[in-house]
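# Remarks on the overall topology
Chain residues, written in single-letter form:
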Protein chains: 2
Amino acid sequence: MNPKFARRMIRFQESDLTPILRLAANPEVISFAGGLPAPELFPVEAMKKIAVRVLDEHGKRALQYSSTEGHLPLREKIAARTNRNLKTSLKAENIVVTTGSQQSLDILAKMYIDDGDCILCESPTYLGALSAFNACQPSYREVDTDGEGMVIADLEKALAEEKRAKLIYVIPDFQNPSGKTWSLERRKAFMETVSKHDILVVEDNPYGELRFEGTTPPSLKSMDTKGQVVVLGTFSKIFCPGLRVAWVCGEPAFLESFCNLKQAADLHTSTLSQYEIDAFLSEHDIEDHVRTLVSVYRERRDIMIRTMDEAFPSEVTFTRPEGGLFTWAEMPEKVSGRDLFMKALEKKVAFVPGGAFYPNGGHENTMRLNYSNMPPEKIVEGIRRLGEALREAL
Amino acid sequence: MNPKFARRMIRFQESDLTPILRLAANPEVISFAGGLPAPELFPVEAMKKIAVRVLDEHGKRALQYSSTEGHLPLREKIAARTNRNLKTSLKAENIVVTTGSQQSLDILAKMYIDDGDCILCESPTYLGALSAFNACQPSYREVDTDGEGMVIADLEKALAEEKRAKLIYVIPDFQNPSGKTWSLERRKAFMETVSKHDILVVEDNPYGELRFEGTTPPSLKSMDTKGQVVVLGTFSKIFCPGLRVAWVCGEPAFLESFCNLKQAADLHTSTLSQYEIDAFLSEHDIEDHVRTLVSVYRERRDIMIRTMDEAFPSEVTFTRPEGGLFTWAEMPEKVSGRDLFMKALEKKVAFVPGGAFYPNGGHENTMRLNYSNMPPEKIVEGIRRLGEALREAL
């Protein structure tokens with residue numbers, strides 16, 4: 001006796017990825033599928049002290065409703081950190097706290113996308129972003145992407161052809177899923193190209209601080225002379241994802257409209273989580289915590305890549321990321337990532353089949369591998385098993 | 001250089017209520033405007049102990065990503081409490097944890113509403129629900145509502161006329177804004193009427209447990225023989241709103257689609273908040289806490305109503321709610337709630353002008369008054385000042 005779903009729901013019923021990824025949650029499985037941080041590095045003891053202090057000092061406020069834009073001292077600290085990391089000059093008024101970056105993606109689509117408007121993205125791109133955007137029924141134009149970032153000639157072609165292009169979604173640092181980072185040259189050329197168009201650039205940067213080697217190129221936002229770039233950042237990868245605290249950086253006028261939609265979506269982000277993270281930033285050196293993460297994840301990347309070199313058939317190629325959480329493998333065309341997933345699961349190892357990262361389909365001969373969530377010995381064992389599955393598939 | 005907003009944004013720019021309500025946030029103002037619980041009743045000391053215990057026992061899990069549907073032990077406890085309170089027979093599989101009930105409203109609109117589909121609601125209705133629904137651009141049909149609930153003849157007329165009706169949004173217990181509760185007879189007649197139509201009933205019940213006197217009529221959900229009713233419940237009013245934890249009850253197939261949209265909107269609700277509330281429910285008697293709230297809010301309601309009887313001009317009528325957080329006043333037609341708001345603000349007292357609770361406009365001669373958030377002496381003083389403002393306006 002229920003009514004028909006809205007049209008957008010077609011996009012939320014097609015995915016066959018959710019059920020197979022559920023199989024990867026079996027604790028016997030060595031899973032490279034998620035994008036989870038290493039829980040053994042969570043600052044649990046520090047959080048216990050902070051939880052007590054926040055409730056002692058701010059209990060009535062920290063448990064009450066609060067403003068949609070977020071806790072002001074936290075927004076000030078986020079602005080200061082962002083300025084150091086991304087070479088920007090933001091103030092608290094340029095920051096709104098969100099319930100994970102996932103919420104920003106949901107709200108950005110609501111702000112700009114009418115049914116049939118076009119979103120440009122890297123090829124491949126983050127599948128969670130596609131889920132969020134899908135609620136507003138966009139079309140997608142995948143822009144060719146090489147080792148340095150979006151290919152400018154293809155970007156120009158896309159911008160010329162897509163009359164309803166509204167938004168470009170990019171992850172220039174340690175991209176999800178490819179692990180690649182855009183070069184400085186390409187960032188400059190990208191900003192030069194997009195500045196000629198009325199289009200919003202969403203620079204998603206959850207992993208930028210997790211750099212294992214080399215130097216960080218300037219952010220797109222630092223080259224933004226027209227208020228065209230919004231940056232998404234998050235505490236999920238550098239602190240704890242379970243608190244669901246992230247942020248969006250943009251111009252105050254943009255953020256005012258953004259907040260109207262955020263208020264309609266969940267009123268505000270957990271007050272207690274915001275007070276706790278603010279207290280952690282005041283009382284602890286989060287840069288020191290990030291250095292620990294970098295050191296552990298660097299070792300895990302090294303072990304995964306070294307084992308892939310040894311255990312994977314030579315026809316399989318993969319990226320060697322300088323940071324972040326993921327590497328990305330391409331297999332010969334005849335190998336389907338989804339079929340390989342089922343074979344690998346028999347050997348109790350899991351990954352994300354890569355086809356899902358292409359909004360317009362194809363490229364099934366790919367897979368994303370996460371190295372942050374498994375200890376070294378399981379990485380070695382899991383990659384060896386995956387190598388066996390690959391050899392059987394070839 | 002940014003692109004045009006999506007069409008839906010027109011609905012997020014018209015409101016003139018946000019700026020005036022910001023004026024009410026001045027701490028010198030006696031505010032009856034919000035719907036805030038009394039922060040002095042938050043169980044701060046209990047939460048300190050619980051925060052430490054949760055991190056001791058479940059630190060790595062409580063700070064990590066978690067499932068979209070929510071923490072299973074919490075869902076089990078919510079199902080058991082709901083069954084006691086609403087005379088339902090739900091299991092954990094009928095419960096999904098949400099980031100406040102506001103998120104459920106956002107997701108329900110996404111699930112069912114295409115641009116131009118119709119939502120039926122009480123007249124007046126909760127303005128925050130209208131904000132959430134507006135993202136999907138519905139039309140609204142206000143159904144005449146009297147002291148017993150929706151007027152069935154008008155509901156039947158609306159259902160016959162609105163060919164694109166998809167969803168009926170109602171708050172049968174201590175309604176926001178009116179404070180009214182539907183009678184048992186009217187609930188039965190309502191369910192009999194809607195059961196003949198392919199329409200979803202959203203029974204929003206944030207206040208039902210806050211009953212000061214009399215007996216609770218059975219929920220609509222308890223009379224639902226066709227899986228047509230979804231119920232929204234929340235810890236915001238009976239525990240702490242700052243944690244942003246609420247829930248939706250429905251059939252498992254419905255919740256599967258709901259979860260696909262929730263995952264796209266914020267992945268999941270704060271893991272730590274869920275563990276903490278689960279621990280509170282295990283280790284403390286929340287029913288005892290609710291009894292304390294009821295006792296304090298009853299006293300505040302009594303004081304507000306008594307002072308209104310004394311201080312308001314006789315031309316102003318108002319409801320005498322048996323529970324919840326609000327009373328609702330109607331003034332002679334020549335008095336505008338918005339004009340009165342500005343006058344009252346000069347006397348440092350605030351409320352919400354009532355016109356905003358009518359999606360199709362009109363009824364500006366109304367106002368919503370909250371009694372849960374102010375101590376008795378401020379209620380007396382604020383209502384006296386408001387009485388003066390009313391006499392000046394008449």
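Residues numbered from 1 in each chain as written. Chains lettered and ligands numbered in written order. Predicted model: local features only at pLDDT ≥ 70, side-chain atom pairs only at ≥ 80, totals over all residues. Heavy atoms only, no water.

- An unreviewed UniProt entry lists chain A under the name 2-aminoadipate transaminase, from Aminivibrio pyruvatiphilus.
- Under the UniProt heading Sequence similarities (unreviewed entry), the note attached to chain A is "Belongs to the class-I pyridoxal-phosphate-dependent aminotransferase family."
- You can read under Cofactor (unreviewed entry) in the UniProt record for chain A the words "pyridoxal 5'-phosphate". (UniProt positions renumbered as here; feature names shortened; annotations may be inferred.)

### Here we look at the sheet that holds strand β7 (residues 165-170) of chain A
All names here are of chain A.
- If you walk across this open sheet you meet the seven strands as β2-β10-β9-β8-β7-β3-β4, and the pairing is mixed. Either end of the sheet is taken by a strand with one partner, and the two such strands are β2 (95-98) and β4 (139-143). Mean inter-strand twist for the sheet, computed between neighbouring axes without regard to direction, equals 20°.
- Pairing between strand β3 (residues 118-122) and β4: five bridges, direction parallel. Residue pairing in the sheet places C121 in a bridge with E142 of β4.
- On top of the sheet, helix α8 (residues 252-266) reaches β2, β9 (229-234) and β10 (246-249); it is set at about 20° to β2, its chief contact. (Pairing = 2+ DSSP bridges. Helix = DSSP H or I, 4+ residues; strand = E, 2+ residues; numbered from the N terminus. Axes fitted to C-alpha atoms, helices over the stretch in contact; angles between N-to-C directions. Contact = heavy atoms within 4.5 Å.)

### So, the pattern of salt bridges
Residue and element names in this part refer to chain A.
- Summed over all chains, the structure comprises 66 salt bridges over all chains.
- Measuring nitrogen to oxygen at the nearest pair gives 3.9 Å for the salt bridge that ties K348 to E28. Of this pair, K348 sits in the loop between α11 (337-346) and β13 (349-350) while E28 sits in the loop between α1 (17-23) and β1 (30-31), and the two are 320 residues apart along the sequence.
- Several salt bridges converge on common partners, so that one network encompasses R81, R84, E209 and E287. (Salt bridge = Lys/Arg side-chain N within 4 Å of Asp/Glu carboxyl O.)

### Quick word on the UniProt feature "domain: Aminotransferase class I/classII large" (unreviewed entry) in chain A
- Sites flagged by UniProt as "domain: Aminotransferase class I/classII large" (unreviewed entry) map to residues 45-386 of chain A.
- Segment residues 45-386 of chain A splits into 44% helix and 16% strand. End C-alpha atoms: 36 Å apart.

### Here we look at the interface of chain A and chain B
- Listed per partner, the contact involves 78 residues of chain A and 78 residues of chain B.
- Along the contact surface separating chain A from chain B lie six salt bridges.
- In this structure, the connection of chain A to chain B is made through 36 residue pairs in polar contact (both at pLDDT 80 or more).
- At eleven residues, the largest contribution of residues to the side of chain A that touches chain B is made by helix α2 (residues 44-62) of chain A.
- The residue makeup of the side of chain A that touches chain B, split by class, is 35 nonpolar, 24 polar and 19 charged. (Polar contact = N/O pair within 3.5 Å; in protein donor to acceptor, adjacent residues only side chain to side chain. Nonpolar A, V, L, I, M, F, W, Y, C, P; charged D, E, K, R; others polar.)

### Looking at the packing of aromatic side chains
Residue and element names in this part refer to chain A.
- Taken as a whole, this structure holds 24 aromatic pairs over all chains when the rule is applied.
- Their ring planes at 85° and their centres at 5.7 Å tell us that W328 and F357 sit as a pair that is edge-to-face. Here F357 lies in the loop between β14 (352-353) and β15 (366-370) and W328 lies in strand β12 (residues 326-330), a separation of 29 residues in the sequence.
- An aromatic cluster is built from W328, F357 and Y358, whose rings are joined through pairwise contacts. (Phe/Tyr/Trp six-rings, centres within 6.5 Å; stacked < 30°, edge-to-face > 60°.)

### Concerning the relation of the copies chain A and chain B
- Its rotation angle being 180°, the transformation that places chain A on chain B also includes 0.0 Å of axial translation and leaves an RMSD of 0.0 Å. Within this description, the copies of the chain are treated as partners about a two-fold rotation axis. Scanning chain A for the C-alpha nearest the rotation axis identifies A51 of chain A, at a separation of 3.2 Å.
- When the interface residues of chain A are mapped onto chain B, 100% of them again fall at the interface, so both copies present the same face. (Least-squares fit on C-alpha atoms with pLDDT ≥ 70 in both.)

### Notes on the pairing of β10 of chain A
Residue and element names in this part refer to chain A.
- Neither face of β10 is exposed, since A246 and V248 on one face and W247 and C249 on the opposite face are all buried.
- Sheet topology places β2 next to β10; four bridges connect them, and they run antiparallel. The partner of T98 across the bridge, within β10, is A246.
- As paired strands, β9 and β10 are joined by four bridges and run antiparallel to one another. Across the sheet, the residue bridging to G233 is W247, located in β10. (Buried < 20%, exposed > 50% of the residue type's maximum accessible area, 1.4 Å probe, protein only.)

### Digging into the domain arrangement of chain A
Residue and element names in this part refer to chain A.
- Assigned domains within chain A: domain 1 (7-42 + 288-393) and domain 2 (61-283).
- Relative to domain 2, the C-alpha centre of domain 1 lies at a distance of 24 Å.
- Taken together, the contact pairs 33 residues of domain 1 with 35 residues of domain 2.
- If you sort the residues of domain 1 by the area they bury against domain 2, R11, E322 and F357 come out on top, with a joint share of 21%.
- Across the domain 1-domain 2 interface, the total number found is three salt bridges.
- A salt bridge links D115 to R7, with the nearest nitrogen and oxygen atoms 3.6 Å apart. (Domains from an automatic or database assignment. Buried area = accessible area lost by both parts, 1.4 Å probe.)

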